[in-house]
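Breakdown of the fold
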Amino acid sequence: MSAQSQQKDDPSAGSVEKFGVDVSLQPVIADPEHKFDVASIDLVQRRLKQRHVQMIAIAGTLGTGLFLGSGKALSGAGPLGALIAYALVGTVAYSSLCSIGEMTSHAPISGTFPHFAARWVDPALGFAVGWNYYYTNLMTVPVEITGAQLLITYWDSDRHHVAIYTTVISCLVILINVFGVRWFGEAEFVFAMIKLSMITGLILVGLVIDLGGAPNHQRLGFQYWKNPGVFAGAGLEPNHIGLDRFLGILSVLVQAAFSFQGMELVAVAASETENPRRNIAKAVRRVFYRICIFYILGIFITGLIVPYNDPQLLQSTGNAAESPYVIAMTLAGIKVLPSIINAGILTSAFSASNSFLFCSSRILYGLSLRGQAPFIFTRCTSSGLPIVAIGFTGLFAFLSLMNVSSGSETVFNWLVNLTTVGGFFTWGSINLTYLFFYRGLRAQGINRKQRLYYWNSLQPGLAIWGFTWCSIFILINGFEVFWSFKASGFLTAYINIPIFFGLYLFWKITKRTKVWKPEEMDFVTGIPTLEETESPEIPPTTFWQHVAAILF
């Protein structure tokens, strides 16, 4: 690994502007062997519009993790314990998104954060991050498809129809991605509108129930915070109540993280987004409000309307009957809405599987562009669709058929469990990469506040916060296994750690890579200028244009 950097002959000359960055030194250019400039083979096209990106950022990967998983969090930690867990994981998710937002505003290119890790930390880290993220998203596709199929059992419980429903859903998910990024954007726009309408409606219905507006006219207030209480124990330390309640909070951190998983999708789509710097900056800024309203407020309302010891919370039906909102409606005497909610959650599961297939195929495409995956995955159609990457990745959607038989279901669950901490590795790597990125900009005299389209005044503190907590989450992920040790449970919880570092060492040893020094980092090669990506912003003139500008 080497880089070339030399000072200008005339030190008194003014700074030069190149690729949106003014520097008084000539920019660092990395050796071509690193494949930073792939413009000649990167054929994807910018077809996602502003409204697509905004809705994908707000609700693109909202799935069963939030609508059904919040009930498990409530029963595992209690109302306040679940609120603390979701708030903590929310800050980590937000820090990760701010970090990737800054890096993407500088380099809205294919490959996104795995390439950023390879470009500014170590090519071996980029390889490990890319393949870890690919596998994590790859396996989440059949998980969400299975979730969608389980939701259908709310209306049709015939086991003989499982394979039919699963196959149909899998084919539809693949087809939407094969039709092209424009169709993907339109589909996700519609799905996001449905999901946001539903979660907003559920929060309002929950508030009405809590204030006594349901048919039974029972005003709940904070009744369930008093009895059975605000914290639920993990059941691991019954003789030490305080410790047991603390372990209860830890036990739902992974469930909370699964609900937040996929927020980085907006950055993955940067290379196919119109005006990416402007649109992604808007999206990242608005995600803070998404976390506060849809996650934190949602889990808060959930804790008000359902007691954490309700037996129905412990049932694992996989459909709307498991949702705490449906349980609350049943307790309050509301009979019509549960079926509507099930349909809404079904839409969410389908949308999430659609988004994760898009995400994983683009990561595979980005890896192949730079020689870290087989070159055949770079092949695109004339309209810029990475068809081989989509087709190969789409085949794994049919792993959801393994749930048809009990024997293969066990194998499928084991494969899924391998992805448990994959999201924490992704977020941790994003924040670590940002710290290197931040250090490199300072070392080369580049003022990020002047030259980046998006920057956050809390950096690098946010990145440090996110990286620290991700490291802790990875280590405590499977803590329950130490109370009742089972080798299979231990492997499931911690096998990701040797896999991730095994990927890192494999690429580092075979390619003999080195960690980039700040003065060696390349902030120029293959990165389009503002003029190449951004068109002039047209200010709204009519009333509806102003409304659209606020919403999207």
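Residues numbered from 1 in each chain as written. Predicted model: local features only at pLDDT ≥ 70, side-chain atom pairs only at ≥ 80, totals over all residues. Heavy atoms only, no water.

1. A few points about the overall build of the protein chain
- When its secondary structure is counted, the protein chain shows 23 helices and four strands.
- Counting across all 552 residues of the protein chain, residues that qualify as buried make up 56%.
- In the protein chain, the proportion of contacts linking residues at least 24 apart, taken out of those at least 6 apart, comes to 81%. (Helix = DSSP H or I, 4+ residues; strand = E, 2+ residues; numbered from the N terminus. Buried < 20%, exposed > 50% of the residue type's maximum accessible area, 1.4 Å probe, protein only. Contact = heavy atoms within 4.5 Å.)

2. A few points about unusual backbone geometry
- Cis geometry marks the peptide bond from Asn227 to Pro228, where omega comes out at 20°.
- Within the element layout of this structure, Pro228 appears in the loop between helix H8 (223–226) and helix H9 (241–251).
- A cis amide bond links Gln459 to the next residue, Pro460, at an omega of 5°.
- Along the chain, Pro460 turns up in the loop between helix H18 (448–451) and helix H19 (461–476).
- Within the chain, Thr112 stands out as a residue other than glycine whose phi angle is a positive 40°.
- Within the chain, Asn275 stands out as a residue other than glycine whose phi angle is a positive 45°.
- Within the secondary structure, Asn275 is located in the loop between helix H11 (265–268) and helix H12 (276–305).

3. Some points on the packing of helix H5 (residues 123–152) against helix H14 (residues 337–369)
- Running from N to C, H5 and H14 cross one another at 155°; their axes reach a closest spacing of 8 Å. The orientation of H5 with respect to H14, classified from their angle, is roughly antiparallel. At the point where H5 passes H14, the crossing takes the left-handed sense.
- Tallied by class, the residues present in the contact of H5 with H14 amount to 19 nonpolar, eight polar and one charged. (Axes fitted to C-alpha atoms, helices over the stretch in contact; angles between N-to-C directions. Parallel < 35°, antiparallel > 145°, perpendicular 65-115°, else oblique. Left-handed = near helix turned anticlockwise from the far one by under 90°. Nonpolar A, V, L, I, M, F, W, Y, C, P; charged D, E, K, R; others polar.)

4. Regarding the packing of aromatic side chains
- Throughout the structure, instances matching the rule amount to 33 aromatic pairs.
- Seen in terms of ring centroids, Phe179 and Trp183 are 5.8 Å apart; in terms of plane orientation they differ by 55°. Their pairing is tilted. Here Phe179 and Trp183 have matching classes, each one exposed.
- Taken together through their ring pairs, the aromatic side chains of Phe116, Trp120, Tyr434, Phe437, Tyr438 and Phe523 make up a single cluster.
- One Lys or Arg, Arg51, reaches over the ring of Phe189 and ends 4.9 Å from the middle of that ring.
- If you follow Arg439 out to its NZ or CZ, it ends over the ring of Phe436, 5.0 Å from the centre. (Phe/Tyr/Trp six-rings, centres within 6.5 Å; stacked < 30°, edge-to-face > 60°. Lys NZ or Arg CZ within 6 Å of the ring centre and 35° of its normal.)

5. So, helix H13 (residues 324–332)
- Burial within H13 is extensive, with seven of its nine residues counted as buried.
- What H13 keeps buried is the set Pro324, Tyr325, Val326, Ile327, Ala328, Met329 and Ala332.
- Gly333 occupies a position one or two residues after H13 and carries a positive phi of about 90°.

6. Side note on the nonpolar core
- Among the nonpolar cores identified, the biggest contains 152 residues, and Ile209, Phe260 and Ile305 are the most heavily contacted of them.
- Per-element tally for this core: the top contributor is helix H3 (residues 69–106), with 16 residues.
- Contacts of Phe260, omitting those with residues within four sequence positions, involve Tyr86, Val89, Gly90, Ala93, Ile291, Tyr295 and Trp427. (Core = buried A, V, L, I, M, F, W, Y, C linked by side-chain atoms within 4.5 Å.)

7. Let's talk about the pattern of salt bridges
- Counted by the stated rule, this structure contains six salt bridges.
- Between Lys49 and Glu274 there is a salt bridge, with the nearest N and O atoms lying 3.5 Å from each other. Of this pair, Lys49 sits in the loop between strand E4 (29–30) and helix H1 (50–59) while Glu274 sits in the loop between H11 and H12; the two residues are 225 residues apart in sequence, bridging distant segments of the chain.
- Of the charged contacts, one joins Asp122 and Lys508 as a salt bridge, the two residues approaching to 2.7 Å between their closest N and O atoms. Here Lys508 lies in helix H21 (residues 496–511) and Asp122 lies in the loop between helix H4 (112–120) and H5, a separation of 386 residues in the sequence.
- Residue class for Lys508 comes out partly exposed when judged on its relative accessible area of 22%. (Salt bridge = Lys/Arg side-chain N within 4 Å of Asp/Glu carboxyl O.)

8. Examining H3
- Between its terminal C-alpha atoms H3 stretches only 36 Å, short of the 56 Å expected from 38 residues at 1.5 Å a residue.
- The largest bend in H3 comes to about 110°, at Gly78, with the proline Pro79 one to four residues further on.
- Of all 38 residues in H3, 33 are buried, a share of seventy percent or more. (Expected span 1.5 Å × (residues − 1). Bend = angle between axes of the 7 residues up to and from the residue.)

9. Comments concerning the confidence of the model for the protein chain
- Put simply, the protein chain has an average pLDDT of 83, and 89% of its residues get 70 or more.
- Across residues 1–24, where pLDDT falls below 50, the model places 46 contacts with residues more than four positions away in sequence or in other chains. (pLDDT = per-residue confidence, 0-100.)

10. Observations regarding a nonpolar patch on the surface
- The grouping of Ile164, Val168, Leu172, Leu175, Phe179 and Trp183 at the surface amounts to a nonpolar patch, some 630 Å² of accessible area in total.
- By the element assignment, Leu172 lies in helix H6 (residues 162–178).
- The exposure class of Leu172 is partly exposed, given its relative accessible area of 41%. (Patch = residues over 30% accessible without salt bridge, like charges linked within 9 Å, V, L, I, M, F, W, Y side chains within 5 Å. Areas by Shrake-Rupley, 256 points an atom, 1.4 Å probe, with all protein chains shown as cover.)

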